[in-house]
Amino acid sequence: AGGIIFGTKAQGIIVDFAIALMIFLMVWFYLGSQLDSKLASEARENETRQMKIRADYALDTLVKGGGNPENWEERDISSLVFPGLAQADRDLSQSKLSAFANQPQNYSRFKDSLGLGAYDFHFNFKSPGTGVDVNAGLAAQGSANAAVAQRIARYNGKIGTATLSV
């Protein structure tokens with residue numbers, strides 16, 4: 001009777017070890033998947049924060065100054081350093097607003113000069129007191145992430161809202 005006898009201590013330790021190893025591996029894979037999920041979520045949140053920072057900066061550039069060169073709307077687009085829509089701080093110019101909205105062929109140039117990088121943008125200025133509703137850029141498609149910045153500005157002496165979605 002030289003066979004293996006089940007129920008010895010050594011076999012019990014091996015079974016205990018195998019169960020412990022399976023439990024350890026299940027916990028390890030669970031924690032790993034939770035970490036991956038958290039990292040992906042943090043990456044999305046970080047990108048949204050970056051988009052918000054760029055949207056705020058770009059909208060401030062548009063509504064607080066006249067751009068560079070100051071008369072960019074009258075010149076060739078190749079001379080544009082960055083656009084500005086104001087004739088004074090948060091007082092929008094009709095000619096600059098019109099030039100910005102009516103040049104869809106220069107969308108990429110405007111996007112680059114505003115420092116938006118790979119992000120698309122959509123600008124809207126609405127002034128209920130004047131009936132003005134001006135749009136420029138590309139409206140968001142589908143369920144894309146978006147960051148929105150808003151500023152109050154004047155146009156022809158009336159208050160309006162400038163919105164930039166990135």
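Residue positions are given per chain, counting from 1 as you read along its sequence in written order. Totals for whole chains, interfaces and linings use every residue, but because this is a predicted model, local features are given only for residues with pLDDT of at least 70 and side-chain atom pairs only at 80 or more, for both listing and counting. Side-chain measures were taken over the full set of non-hydrogen atoms in the model, leaving aside hydrogen atoms and water.

Quick notes on the side chain of threonine 163
Strands here mean DSSP runs of E at least two residues long; helices mean DSSP runs of H or I at least four residues long; both are numbered from the N terminus. Inspection of the secondary structure puts threonine 163 in strand E8 (residues 158-165). Polar contacts, as counted here, are pairs of nitrogen or oxygen atoms within 3.5 Å of one another; within protein the pair requires one atom able to donate a hydrogen and one able to accept it, and residues that are adjacent in sequence qualify only if both atoms are side-chain atoms. One polar contact links threonine 163 to glutamine 150, side chain to side chain, over a distance of 3.2 Å. The contact definition used throughout considers only heavy atoms, calling two residues in contact when any of these lie within 4.5 Å. With residues near it in sequence (within four places) discarded, threonine 163 still touches His122, Phe123, Asn124, Val148, Ala149 and Gln150.

As for the pattern of salt bridges
Definition used for salt bridges: Asp or Glu carboxyl oxygen within 4 Å of a side-chain nitrogen of Lys or Arg. Following the criterion strictly, the structure yields 7 salt bridges and no others. Residue aspartate 120 pairs with lysine 111 through a salt bridge whose shortest N-O separation is 3.7 Å. In the salt-bridge network here, residues are joined through shared partners; they are Lys52, Asp56, Asp60 and Arg151.

Comments concerning the environment of leucine 80
You can see leucine 80 is positioned in the loop between strand E1 (67-68) and strand E2 (82-83). Residues leucine 80 and valine 166 lie 86 residues apart in sequence; the distance between their C-alpha atoms is 21 Å. Those residues in contact with leucine 80, other than ones at most four positions away along the chain, are Asn68, Pro69, Trp72, Arg109, Phe110 and Ser113.

Re the pairing of strand E5 (residues 122-127)
Across a regular strand the side chains alternate sides, sitting on one face of the sheet and then on the other. Taken across its 6 residues, E5 has 5 buried, putting it largely inside the fold. Strand pairing is assigned whenever DSSP identifies at least 2 bridges connecting the two strands. Judged from the 5 bridges that link them, E5 and E8 form a sheet pairing that is antiparallel. From the neighbouring strand, histidine 122 faces E8, where its bridge partner is serine 165. Burial classes: relative accessible area under 20% of the type maximum marks a residue as buried, over 50% as exposed, and values in between as partly exposed (1.4 Å probe, protein chains only).

Focus: a nonpolar patch on the surface
Only residues whose relative accessible area exceeds 30% and that form no salt bridge enter a patch; like-charged residues are grouped when within 9 Å of one another, and nonpolar side chains (Val, Leu, Ile, Met, Phe, Trp, Tyr) when within 5 Å. Exposure was quantified through the Shrake-Rupley algorithm and a 1.4 Å probe, taking into account, for residues, occlusion by the shown protein chains and nothing else. On the surface, Val15, Ile19, Met22, Ile23, Met26, Val27, Tyr30 and Leu31 cluster together into a nonpolar patch covering about 810 Å² of accessible area. For isoleucine 23, the location among the structural elements is in helix H1 (residues 9-64).

Looking at the sheet that holds E8
Spatially, the 6 strands line up as an open sheet ordered E3-E4-E7-E8-E5-E6, and their pairing is mixed. Single-partner strands in this sheet number two, and they are strand E3 (86-88) and strand E6 (132-137). Only the stretch in contact is used when fitting a helix axis, every axis being a line fitted to C-alpha atoms; angles between N-to-C directions are given from 0 to 180 degrees. Relative to E6, helix H2 (residues 94-101) is tilted by about 45°, and along the sheet it contacts E3, strand E4 (91-92), E5, E6 and strand E7 (148-155).

What about the packing of aromatic side chains?
Two numbers describe a pair of aromatic rings. These are the distance of the centres and the angle of the planes. By convention, a stacked pair of Phe, Tyr or Trp rings (six-membered ring in the case of Trp) has centres within 6.5 Å and planes under 30 degrees apart, an edge-to-face pair has planes over 60 apart, and any other such pair is tilted. Using the criterion set out here, one finds 7 aromatic pairs in the structure. Their ring planes at 80° and their centres at 5.8 Å tell us that tryptophan 72 and phenylalanine 110 sit as a pair that is edge-to-face. Placement of tryptophan 72 in the loop between E1 and E2 and of phenylalanine 110 in helix H3 (residues 107-113) is noted, with a sequence separation of 38 residues between them. Owing to a relative accessible area of 3%, tryptophan 72 belongs among the buried residues under this scheme. By way of ring pairs, the aromatic residues Trp72, Phe100, Tyr107, Phe110, Phe121 and Phe123 are connected into one cluster.

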